[in-house]
Structures are given as structure tokens and as C-alpha cells.
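Each chain is listed here by its residues.
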Amino acid sequence: MTYQPTLEHARARDAADPLRTFRQQFALPQDLAGKPALFLCGHSLGLMPLAARRLVTEELDDWARLAVLGHEHARRPWIPYHDNLTPGLAHLTGAGPHEVIAMNSLTVNLHLMLASFFRPAGRRRKILIESGAFSSDRHAVSSQLAWHGLDPEQDLIELAAPAGGDAIPEELIEACLAREGGEIALLLWPGVQFRTGQAFDLERIARAGRQAGCIVGFDLAHSIGNMPLALHEHGADFAVWCSYKYLNAGPGAIGGCFVHERHLAGHAHLMGWWGHEEATRFRMEPQFRPATGIAAWQISNPPILAAAPLLASLTLFQEAHIARLRAKSIELTGFLEFLIERLGPDASFITPRAIAARGCQISIRISGSQGRGRRVFERLGERGVVCDWRDPDVIRVAPVPLYNTFEEVFAFSEHLAQTLREVQ
């Protein structure tokens with residue numbers, strides 16, 4: 001007999017979920033009519049941890065009460081505020097606390113890392129990225145090439161998926177590096193591809209890049225808080241990320257960086273006063289004495305009001321633990337995969353089916369007449385479903401294990417099935 005999932009089955013799975021109480025620690029959104037929304041868009045902007053309001057208010061209160069003295073006497077002093085974020089970031093990235101730091105925003109950090117690590121010389125002057133990379137990454141590497149007097153049309157290699165496919169297999173990356181590695185100075189690759197949801201084997205890519213003599217950097221915007229990471233062990237040279245997606249730190253939140261410890265002593269980088277050693281920073285001397293570890297890459301003091309929500313979220317991640325969240329994520333996406341398969345050819349995965357090759361995000365291609373996918377997406381929005389759209393035919397959804405449920409995954413599949421029947 002064919003198994004038919006039911007709402008009761010989904011609710012039973014939620015009742016047995018050991019992480020179910022974390023949902024209660026987030027603000028759950030409503031639609032424009034004031035009804036609860038079906039939110040599956042944490043890959044774009046995560047929900048607000050309820051504790052974020054308290055932490056931001058405490059910083060505002062300390063500012064009002066202490067003014068400039070808050071730098072040293074706030075309940076969480078502002079000068080070393082970024083240190084509060086380090087344990088959580090180290091946990092999520094699989095790095096040492098001296099290798100990670102919260103600062104700036106993703107593309108600013110990417111430029112800072114490229115300024116340190118992209119050093120074209122002789123034949124080795126190209127940058128390898130994925131075809132269809134997130135636009136800000138492509139803008140950053142193109143401008144860095146031009147900054148060095150190079151031509152992005154000639155010196156930017158964009159590796160595409162095989163014809164007729166959406167995923168880029170790791171062996172294709174390895175083959176490119178084996179073929180052209182002598183001319184590639186730097187490889188920049190995503191942990192998870194933003195459009196397809198494909199998760200990559202970062203250890204394998206880092207190994208291939210380093211064997212080819214390349215600097216290896218990762219954009220982890222869609223990976224951190226989504227997939228377990230082991231940056232130190234895997235040997236990447238650097239990584240960057242934002243904190244407003246799976247890290248739930250709010251719109252435009254503070255970003256972060258990783259630099260492997262082999263580069264921390266004496267590696268060239270742009271200098272700013274917050275990268276100066278803390279003990280002598282306020283002497284304002286002309287010579288630069290770098291702080292220990294990745295802290296030397298800091299340019300400016302941390303934005304306290306933007307960092308406080310990240311602290312709220314990282315506390316939840318440490319309580320939940322990324323390994324347990326990953327286990328639940330696998331179950332949620334597996335349930336969604338089963339439900340989508342029942343809908344037939346109108347809706348199909350472009351995210352890889354292999355568990356290791358996907359995280360929370362599932363990208364669904366809507367087939368049919370031109371424009372049908374967009375109409376389906378808009379009708380889902382009218383039903384209170386919050387997901388997002390990528391031209392020409394892809395709907396992205398992400399059941400996030402910190403706050404999404406099996407019941408919500410079931411409800412989404414029912415909404416999608418009904419919408420596909422309505423929209424031809």
C-alpha cells in the first residue's frame with residue numbers, strides 16, 4: 001500500500017522533535033492580514049530571536065546611562081564587544097577562536113580578504129569562480145582584477161554546470177584546476193550555491209585548490225548556521241559570511257571572517273586602528289602593532305547595536321548545537337522531497353538529492369507555460385506562504401531547523417499542490 005502522509009503524521013514528528021522548543025524563542029511573522037504566515041525564507045533573512053530585543057535595549061540603556069563610559073563599563077563593555085561573538089562563530093565554523101571574527105559586512109570583508117590574498121604574479125593571475133555566482137561576489141572579484149590592471153574578460157574564469165544540468169560536480173572543479181591551475185591565483189567558491197541550494201564538499205575543493213598552488217577562499221553566506229563546517233581542518237585560506245540569513249542577526253547585520261592560522265603571523269593586510277593591539281591602541285602612535293590573530297584584520301570598532309542581535313542568535317546555536325540542527329534539517333528536507341515528488345512533473349527539485357550535497361534550502365523548478373512559475377509564486381504569497389523567487393522558473397524554500405516544523409513543510413506542499421491546480 002502506498003504511504004500517504006497526513007497532517008497528523010507531521011504533528012507527531014513535531015511532538016517527538018527534541019529541538020521543538022527553540023521555535024518559541026523567535027518572533028513568528030504574520031501576513032498583511034495579521035494572520036500567521038508560513039515562513040520558509042530563512043535562507044534570505046532569518047527570523048528575529050526574541051532575546052535580540054532585550055540585548056539591543058540593554059545596549060541602548062547603557063548608552064543612555066553611561067555615554068562614553070560604556071566603552072569600558074557597559075554590562076558588556078563595547079571595546080572588546082566582538083569577543084562575545086567569537087565562541088559561537090568558532091563553534092559554527094569549526095575554527096579556532098583566534099581564526100574568526102565578526103566585523104563589517106560580507107562584501108566589505110571579501111574585499112579585505114582579496115586585498116590580502118589575491119597577489120597575481122606572472123602567469124598566475126586569474127580568479128576562478130562559479131558561473132552564476134552571487135552578483136556581489138562577481139562584482140568584488142571583477143573590481144579586484146581591474147584594480148591590479150587585469151581584464152576580467154580574460155582573467156576571470158567562470159565554471160558552469162554541465163549542459164542540461166544545474167549542479168556543478170566537484171570533479172569538474174578538480175579538472176579545471178588540473179587543467180588551468182598554473183594560471184589561477186585564487187579560487188573563490190560558495191559553501192552553498194544561492195540559487196540551486198547545492199552544498200559543496202569544501203574539504204575536497206580546498207585540497208584541490210591548494211594542490212594546484214591556489215589561494216582558496218569560501219563565501220559561506222548560505223552555509224554558516226546551515227551546514228556543519230570545519231574550516232581549520234579543511235585548510236581553506238580564508239572565508240567570509242553574512243549573519244542575516246541562517247544566523248538570524250537582522251537586516252544588514254554584522255558579517256564575519258575566517259583566516260587560517262598559518263597566515264596570522266605577518267601576513268599582509270589593510271590596517272585600521274581596531275586591528276592595533278588592544279593594550280596600546282589608544283596611544284594613537286603612528287606605528288602599527290597588530291593585534292593577535294585575526295583581530296589584526298579589523299579596521300574599525302564593532303557596531304554594537306548591529307552585533308547584539310547576533311549574540312542573541314549565537315547563544316541559541318550553542319544551546320541547540322549545529323550537529324543536532326543538521327540532523328533535523330536532513331529530516332525536514334527529506335520530508336519535503338517526498339511531498340514534492342507526489343506532485344508530479346509540475347514541480348521538480350534542482351537541488352541535489354544527495355543529503356551531503358544540500359542544506360536547508362530546496363530549490364523547486366515550476367514547469368509549464370512561460371510565466372507560470374512566477375504566477376505560482378505570487379499565488380503562494382496570497383496564501384500567506386513566504387518563500388522567494390529566482391528567474392526564470394525557480395522557487396526557493398528553506399525549512400530551518402531552529403524554528404520551522406514538519407507541519408509547516410506539510411502545509412507548504414498542500415498549498416503548492418492546490419496552487420499548481422489553479423494556475424496553468
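That block above? That's the structure.
A brief look at the structure comes next. Please read these numbers as outputs of a predicted model, since none were measured by experiment.

## Side note on the state of the cysteines
Using the criterion set out here, one finds zero disulfides in the structure. Here Cys176 stays unpaired: no disulfide links it, and the sulfur of Cys214, its closest cysteine neighbor, is 9.0 Å away. Owing to a relative accessible area of 1%, Cys176 belongs among the buried residues under this scheme. The closest cysteine sulfur to the non-disulfide-bonded Cys257 is located on Cys242, 12 Å from its own sulfur.

## Brief notes about the pairing of strand β13 (residues 394-397)
Of the two faces of β13, the one carrying Val394 and Arg396 and the one carrying Ile395 and Val397 are both buried. In this structure, the hairpin formed by strand β12 (residues 388-390) and β13 is closed by a connection of three residues.

## As for the side chain of Glu99
Secondary-structure assignment places Glu99 in the loop between α4 (86-93) and β2 (100-102). Only 2.7 Å separates the side chain of Glu99 from the backbone nitrogen of Gly96, close enough to count as a polar contact. Non-local contacts of Glu99, meaning those with residues more than four positions away in its chain, are made with His232, Cys257, Phe258, Val259, His260, Glu261, Leu264 and Ile294.

## Topic: empty space enclosed by the protein
Across all of its chains, the model carries one cavity of 30 Å³ or more by this definition. Estimates place the volume of the largest cavity at around 40 Å³. As for the largest cavity, its lining consists of Ile129, Glu130, Ala133, Asp137, Leu188, Trp189, Pro190 and Asp219. When residues of the lining of the largest cavity are assigned to their parent elements, the largest contribution, three residues, is made by strand β5 (residues 184-190).

## Re the layout of surface pockets
If you add up the space inside the largest pocket, you get close to 290 Å³. Lining the largest pocket we find 19 residues, and of these Pro36, Ala37, Leu38, Phe39 and Glu408 sit closest to its centre. Residue assignment for the lining of the largest pocket shows that the elements contributing at least two residues are β1 (38-39) and α14 (406-422). The biggest single contributor to the lining of the largest pocket is α14, with four residues. Within the lining of the largest pocket, the residues separate by chemical class into nine nonpolar, four polar and six charged.

## Some words on the packing of helix α11 (residues 304-320) against helix α12 (residues 322-341)
Two elements in contact, α11 and α12, have axes separated by 6 Å at closest approach and are oriented at 80 degrees. By the angle class used here, α11 and α12 are roughly perpendicular. Contacts from Phe317, Glu319 and Ala320 of α11 reach α12 at Ile322, Arg324 and Leu325.

## Things to note about the packing of helix α1 (residues 7-15) against α14
Taken N-terminus to C-terminus, the directions of α1 and α14 make an angle of 155 degrees; their axes are 7 Å apart at the nearest point. The orientation of α1 with respect to α14, classified from their angle, is roughly antiparallel. The residues of α14 that touch α1, namely those facing Leu7, Ala10, Arg11, Arg13 and Asp14, are Phe406, Glu407 and Phe410. Per-class residue counts for the contact of α1 with α14 are four nonpolar, no polar and four charged.

## Points about the nonpolar core
Counting residues in hydrophobic clusters, the biggest one holds 68 residues, and the most contacted among them are Leu89, Leu177, Trp189, Phe218, Trp241 and Leu402. Of the residues forming this core, the biggest block, ten residues, is contributed by α11. Excluding its chain neighbours within four sequence positions, the residues that come into contact with Leu89 are Val100, Ile101, Ala102, Ile224, Trp241, Leu247 and Leu314. The next biggest cluster of nonpolar side chains, apart from the first, holds 33 residues, and it includes Leu106, Met113, Phe117 and Cys257.

The rules behind these values
- Residues numbered from 1 in each chain as written.
- Predicted model: local features only at pLDDT ≥ 70, side-chain atom pairs only at ≥ 80, totals over all residues.
- Heavy atoms only, no water.
- Disulfide = S-S within 2.5 Å.
- Buried < 20%, exposed > 50% of the residue type's maximum accessible area, 1.4 Å probe, protein only.
- Helix = DSSP H or I, 4+ residues; strand = E, 2+ residues; numbered from the N terminus.
- Pairing = 2+ DSSP bridges.
- Polar contact = N/O pair within 3.5 Å; in protein donor to acceptor, adjacent residues only side chain to side chain.
- Contact = heavy atoms within 4.5 Å.
- 1 Å grid on protein atoms, 1.4 Å probe; cavity = no way out; pocket = protein on both sides within 12 Å on 5 of 7 lines; lining within 4 Å.
- Points joined across faces, edges and corners; volume = space filled by probe spheres on them.
- Nonpolar A, V, L, I, M, F, W, Y, C, P; charged D, E, K, R; others polar.
- Axes fitted to C-alpha atoms, helices over the stretch in contact; angles between N-to-C directions.
- Parallel < 35°, antiparallel > 145°, perpendicular 65-115°, else oblique.
- Core = buried A, V, L, I, M, F, W, Y, C linked by side-chain atoms within 4.5 Å.

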